[in-house]
Amino acid sequence: MADSLALSGVVHRYGPDVTLHYPDLQLPGGAELVISGPSGVGKTTWLHFIAGLLTPTSGQVRYGEVTVNALSEAARDSYRASTVGYVFQDFHLMPGYSALENVLLGLGLAGVRGPQANVRAREVLGSLGLAGRLNHSPRQLSTGERQRVALARAVAHRPALLLADEPTAHLDPSRGADAVALLRRTAAELGATLIVVSHDPAVVETFPRRLDLGQPAARFPELVPA
Ligand SMILES: Nc1ncnc2c1ncn2[C@@H]1O[C@H](COP(=O)(O)OP(=O)(O)OP(=O)(O)O)[C@@H](O)[C@H]1O
């Protein structure tokens with residue numbers, strides 16, 4: 001089961017011209033949250049703090065007892081590999097590798113290798129309707145299929161935090177709704193916390209917990225200030 005997340009006093013500077021201030025929040029383990037707000041407000045940057053892909057200029061990002069922003073780079077890599085599943089907006093699949101190999105690469109980073117990894121990767125891809133696409137490379141797949149491979153790679157190591165950046169950006173509305181439903185179902189099965197970045201109102205309104213970074217003063221009853 002996932003631990004809670006707590007962010008406090010988080011500020012990030014990109015050079016002298018861009019300073020991003022973030023609201024404090026606490027999110028219980030296993031919760032679902034959608035992050036919205038206008039382009040450029042800092043949504044992807046925020047998700048990167050939680051994933052340990054980026055360290056804020058100041059403030060604290062805590063996952064359970066771990067202060068993510070204080071970890072060494074190597075420790076952050078291992079936190080990310082073991083705890084985080086990240087579905088990138090543009091999928092970030094390895095073009096020269098098959099769907100199966102892409103998932104195996106992710107599992108390898110999390111320390112799952114050999115026959116166990118093979119079984120797990122096939123299982124996850126199969127459960128996402130990709131049993132017939134194992135040996136296809138990303139360029140031989142449709143956008144929706146690429147997204148499902150990206151999701152399979154993100155969840156195969158059973159992460160406690162499932163993070164998705166604009167998961168509906170490349171999909172038509174009906175496939176977008178399917179993608180979000182799939183994320184929620186997968187997170188629920190894993191007992192994982194799910195955080196989705198979206199500026200799509202059709203997605204945002206389906207989440208009871210919402211944080212609009214365009215209105216950082218807004219407080220939501222479920223989001224207890226840290
Ligand atoms: N590597 C970087 N160097 C300098 N500025 C950056 C960098 N990455 C992001 N920024 C700036 O920081 C701000 C927040 O960027 P971020 O990508 O987090 O926003 P966003 O809300 O996710 O935007 P979008 O909805 O358009 O994806 C933007 O003004 C962006 O130009």
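Quick caveat: nothing in here was measured; it's all calculated off a predicted structure.

Here the focus is the sheet that holds strand β8 (residues 161–165). What the 5 strands build is an open sheet, ordered β7-β8-β9-β4-β10; its pairing is parallel. Bordering the open sheet on either side are β7 (84–87) and β10 (210–212), each of which pairs with just one other strand. Across the sheet, the mean angle separating the axes of adjacent strands is 15 degrees when strand polarity is ignored. Note: strand β4 (residues 32–36) against strand β9 (residues 193–197), 4 bridges, orientation parallel. The partner of Leu33 across the bridge, within β9, is Ile195.

Contacts to the ligand come from Tyr14, Val18, Leu20, Pro38, Ser39, Gly40, Val41, Gly42, Lys43, Thr44 and Thr45. In this structure, an oxygen atom belonging to the ligand sits 3.3 Å away from a main-chain N or O atom of Val41. A distance of 2.9 Å separates an oxygen atom of the ligand from a polar atom in the backbone of Gly42. Surface burial for the ligand is 57%, taken as the share of its 640 Å² of free accessible area covered by protein chains. Elements with a minimum of two residues in the shell around the ligand: β2 (18–21) and α1 (43–51).

For the rest of this paragraph, the subject is the confidence of the model for the protein chain. Mean pLDDT over the protein chain: 91, with 95% of residues reaching 70 or higher. Least confident of the elements in the protein chain is helix α6 (residues 173–190), whose mean pLDDT is 88; most confident is strand β6 (residues 66–67), at 98. The model gives residues 219–226 a pLDDT under 50, and that stretch makes 23 contacts with residues more than four places away or in other chains. Here the predicted complex scores 0.91 on pTM and 0.97 on ipTM.

This part is about the pairing of strand β1 (residues 5–14). Across 3 bridges, β1 lies against strand β3 (residues 25–27) in antiparallel orientation. The residue bridging Leu7 from the neighbouring strand is Leu25, located in β3. Here β1 pairs with strand β5 (residues 58–63) via 5 bridges, running antiparallel. Following the sheet pairing, Ala6 is matched in β5 by Arg62. As paired elements, β1 and β2 share 4 bridges and run antiparallel to each other. Within the sheet, the bridge partner assigned to Tyr14 lies in β2 and is Val18. Hairpin connection from β1 to β2: 3 residues lie between these consecutive antiparallel strands, with Gly15 at a positive phi of about 65 degrees.

So, how was this worked out
- Residues numbered from 1 in each chain as written.
- Predicted model: local features only at pLDDT ≥ 70, side-chain atom pairs only at ≥ 80, totals over all residues.
- Heavy atoms only, no water.
- Pairing = 2+ DSSP bridges.
- Helix = DSSP H or I, 4+ residues; strand = E, 2+ residues; numbered from the N terminus.
- Axes fitted to C-alpha atoms, helices over the stretch in contact; angles between N-to-C directions.
- Near = heavy atom within 4 Å.
- Polar contact = N/O pair within 3.5 Å; in protein donor to acceptor, adjacent residues only side chain to side chain.
- Areas by Shrake-Rupley, 256 points an atom, 1.4 Å probe, with all protein chains shown as cover.
- pLDDT = per-residue confidence, 0-100.
- Contact = heavy atoms within 4.5 Å.

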